[in-house]
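An overview of the molecular structure
Residues per chain are reported as follows:
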Amino acid sequence: MEAYTGFAEVYDTFMDNVPYEKWAEYVVGLLKKYGIEDGLVLDLGCGTGSLTELLAAKGYDMTGVDFSEEMLEIAMEKKRQSGYDILYLLQDMREFELYGTMRAVVSICDSMNYLMSEEELLEVFRLVNNYLDPGGIFIFDMNTPYKYRELGEDTIAENREECSFIWENTWYEEEQANEYDLTIFQREENGLFRKYTETHLQKAYEIETIRRLLEAAGMEFIAVYDAFTEEAPREDSERVYFLAREKGK
């Protein structure tokens, strides 16, 4: 099955421990550091729109792109409840198209790790550069090779009243790829549970590889930070943030 189909319905339930407000404050702090206090911003791989909504609340004119129709349906429901004027587009980030340029592009929660080759990453970086205003900023996070190695061969399970999941993880060192089989059990109105199974694949990249690809895409590499800081990544950093800038197409 495609990733984020059955999982979409319970995604927010199992992500309720993610401090999206803190993440949004961190991203906004970086945007403001580079002079972007308002204007058009793209959330690439926006999922159910949790960060998109928070950035809209901060005054940004938000567009969200995601490849999962099921995730975007939930994002649209959040939009109806909040009333924010967010444009959501059902598109593959490897070939997304916008109506104009953006002051900034952001992508969080390791969306870029789903790109399984340098060629795919380069294409996305080129598209981002193409749709950035002159001097526009690109901010994205990635899980590190260290994090995936630490996960290794492991099984994680969580049980909630209305849904449960089993996460079976496998790390392939030679391919620098991480695979997890996700089995979800969701309670239905009749009290029975429906079972969904998805397989997710992600790839780990070294920092220097990302820098090289950003520069090959025509962008200026600004910095890489240990997540939620402005400090250099450590050997045991599990998530890092990259910043790049459009420097002339």
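For the structure itself, consult the block above.
The rules behind these values
Residues numbered from 1 in each chain as written. Predicted model: local features only at pLDDT ≥ 70, side-chain atom pairs only at ≥ 80, totals over all residues. Heavy atoms only, no water. Helix = DSSP H or I, 4+ residues; strand = E, 2+ residues; numbered from the N terminus. Rg over C-alpha atoms; globule rule 2.2 N^0.38 Å. Buried < 20%, exposed > 50% of the residue type's maximum accessible area, 1.4 Å probe, protein only. Contact = heavy atoms within 4.5 Å. Areas by Shrake-Rupley, 256 points an atom, 1.4 Å probe, with all protein chains shown as cover. Lys, Arg positive; Asp, Glu negative; His and termini not counted. Charge placed at Lys NZ, Arg CZ, Asp CG, Glu CD. Phe/Tyr/Trp six-rings, centres within 6.5 Å; stacked < 30°, edge-to-face > 60°. Lys NZ or Arg CZ within 6 Å of the ring centre and 35° of its normal. Pairing = 2+ DSSP bridges. Axes fitted to C-alpha atoms, helices over the stretch in contact; angles between N-to-C directions. Core = buried A, V, L, I, M, F, W, Y, C linked by side-chain atoms within 4.5 Å. Parallel < 35°, antiparallel > 145°, perpendicular 65-115°, else oblique. Left-handed = near helix turned anticlockwise from the far one by under 90°. Nonpolar A, V, L, I, M, F, W, Y, C, P; charged D, E, K, R; others polar. Right-handed = clockwise from strand over helix to strand, strands pointing away. Disulfide = S-S within 2.5 Å.

**With respect to the overall build of the protein**
- Per the secondary structure count, the protein includes seven helices and eleven strands.
- Taking 18 Å as the expected radius of gyration for a compact globule of 249 residues, we find that the protein reaches 18 Å, a close match to that expectation.
- Counting all 249 residues of the protein, 51% fall into the buried class.
- If you take every contact in the protein between residues at least 6 apart in sequence, the share linking residues at least 24 apart comes to 65%.
- Accessible surface computed for the protein: about 12,000 Å², of which carbon and sulfur atoms make up 46%.
- For the protein, the centre of its 24 positive side-chain charges and the centre of its 53 negative side-chain charges are spaced 5 Å apart.

**So, the packing of aromatic side chains**
- Taken as a whole and judged by the stated rule, the model has twelve aromatic pairs.
- Through successive ring pairs, a cluster of aromatic residues spans Tyr20, Trp23, Tyr26, Phe228 and Tyr241.
- Lysine 203 extends its terminal NZ or CZ atom over the ring of tyrosine 205, reaching a point 5.9 Å from the ring centre.

**A closer look at the pairing of strand β11 (residues 239-246)**
- Burial within β11 is extensive, with seven of its eight residues counted as buried.
- For strand β10 (residues 219-226) and β11, the ladder comprises seven bridges, and the chain directions are antiparallel. Across the sheet, phenylalanine 221 pairs through a bridge with alanine 244, a residue of β11.

**Here we look at the sheet that holds β11**
- The strand order across the open sheet formed by seven strands is β3-β2-β1-β4-β5-β11-β10, and the pairing between neighbours is mixed. The open sheet terminates on both sides in strands that have one partner only, identified here as β3 (87-90) and β10. With strand direction ignored, the average angle separating the axes of adjacent strands in the sheet is 15°.
- For strand β4 (residues 102-107) and strand β5 (residues 132-143), the ladder comprises five bridges, and the chain directions are parallel. Residue pairing in the sheet places valine 105 in a bridge with phenylalanine 138 of β5.

**Focus on the nonpolar core**
- Core analysis: the biggest nonpolar cluster contains 33 residues, and Leu44, Met112, Phe125 and Phe138 have the highest contact counts within it.
- Of all the elements in the fold, those that place two or more residues in this core are β1 (39-44), β4, α5 (118-130), β5, α7 (207-216), β10 and β11.
- A per-element tally of this core places α5 first, with six residues.
- If you look at the next biggest cluster of nonpolar residues, it comprises 32 residues, including Ile36, Ala56, Met62 and Tyr88.

**Focus on the packing of α5 against α7**
- Orientation of α5 relative to α7, taken along the N-to-C sense of each, is 45°, at an axis distance of 8 Å. Taken together, the axes of α5 and α7 are oblique relative to one another. The handedness of the crossing between α5 and α7 comes out as right-handed. Counting all contacts with α5, which are made through Glu118, Leu121, Leu122, Phe125 and Arg126, the residues of α7 involved are Thr209, Ile210, Arg212, Leu213, Leu214 and Ala216.
- Looking at side-chain class alone, the contact of α5 with α7 contains seven nonpolar, one polar and three charged residues.

**Digging into the pairing of β5**
- With respect to burial, β5 is a largely interior element, nine of its twelve residues being buried.
- At this point the chain moves from β4, through α5, to the parallel β5, and the crossover so formed is right-handed.
- Summarising the sheet, β5 and β11 pair through seven bridges and their orientation is antiparallel. Across the sheet, the residue bridging to methionine 142 is valine 240, located in β11.

**Digging into the environment of phenylalanine 185**
- On the secondary structure map, phenylalanine 185 appears in strand β8 (residues 177-187).
- Assessed through its relative accessible area of 27%, phenylalanine 185 is described here as partly exposed.
- When the C-alpha positions of phenylalanine 185 and tyrosine 196 are compared, they lie 6.5 Å apart, and in sequence the two are eleven residues distant.

**Structural notes on the state of the cysteines**
- All told, the structure shown has zero disulfides when counted by the stated rule.
- Summary of cysteine pairing: cysteine 46 is not part of a disulfide, and the nearest cysteine sulfur, belonging to cysteine 109, is at 12 Å.
- Residue classification places cysteine 46 among the buried residues on the basis of a relative accessible area of 8%.

Honestly, that's just the spatial picture; any functional story needs more than this.
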